[in-house]
Amino acid sequence: MIEIQRSRIDVEAVVNSVRRDDAGAIVVFLGSVRSDPEVRALDYEVYKPMALRTLTELVERAKEKFGALEMSIVHRVGRVPVRGDSVVLACAAAHRSEAFAACAWAMDEVKRIVPIWKTEAGPRRPRAKPDGNPRGRPAAHRKVP
């Protein structure tokens with residue numbers, strides 16, 4: 001399951017999408033919006049065709065690199081309020097060490113290379129697009145001053 005959506009993420013559906021009889025471990029990562037005096041929500045934007053392609057490639061690389069059996073990634077776009085989940089990764093593997101390693105690596109890669117950008121929305125922070133990245137890579141998950 002690789003999805004980018006505006007609606008709330010059904011965590012149970014993401015977990016169920018990776019369940020297998022030969023999986024002894026399922027690791028789930030929930031990225032949620034934390035409270036901050038200047039942040040009321042996060043706004044996510046995406047270049048969807050490239051993001052879906054990149055997420056699919058990440059899942060395949062995680063399976064090869066760590067021996068993961070299944071992995072699902074669902075990311076929200078649009079406005080996500082404090083305490084809302086913005087991303088869910090679920091990884092199934094035969095053993096917990098592979099599942100933890102694959103999930104941690106995949107989340108790091110999501111932040112590093114997937115063209116999804118966030119900006120903070122708060123009392124003195126208007127919706128603003130992130131500035132450009134001179135290296136031509138996504139400026140994923142970066143604060144805007």
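Being a predicted model, the structure only gives us computed values, none of them experimental. (Residues numbered from 1 in each chain as written. Predicted model: local features only at pLDDT ≥ 70, side-chain atom pairs only at ≥ 80, totals over all residues. Heavy atoms only, no water.)

Caption draft 1: The side chain of His75, seen in detail. Secondary-structure assignment places His75 in strand β4 (residues 70-76). On the basis of relative accessibility, which here comes to 1%, the residue His75 falls in the buried class. At 3.2 Å, the side chain of His75 forms a polar contact with the backbone oxygen of Ser86. (Helix = DSSP H or I, 4+ residues; strand = E, 2+ residues; numbered from the N terminus. Buried < 20%, exposed > 50% of the residue type's maximum accessible area, 1.4 Å probe, protein only. Polar contact = N/O pair within 3.5 Å; in protein donor to acceptor, adjacent residues only side chain to side chain.)

Caption draft 2: Local environment of the sheet that holds strand β3 (residues 41-46). One open sheet holds the three strands; their spatial order is β5-β3-β7, and the pairing between them is antiparallel. Sheet topology places β5 (78-81) and β7 (116-121) at the edges, where each strand pairs with a single neighbour. The sheet shows a mean angle of 25 degrees between the axes of neighbouring strands, taken without regard to direction. As paired strands, β3 and β5 are joined by four bridges and run antiparallel to one another. Along β5, the bridge assignment pairs Ala41 with Pro81. (Pairing = 2+ DSSP bridges. Axes fitted to C-alpha atoms, helices over the stretch in contact; angles between N-to-C directions.)

Caption draft 3: Looking closely at the pairing of strand β6 (residues 85-93). Judged by how many residues are buried, β6 sits mostly within the fold: eight of nine residues are covered. Relative to β6, strand β2 (residues 25-32) runs antiparallel, the two being bridged by eight bridges. The residue of β6 that forms the bridge with Ile26 is Ala92. Taken together, the six bridges between β4 and β6 define a ladder with antiparallel strand orientation. By the bridge assignment, Glu70 is partnered in β6 with Ala92.

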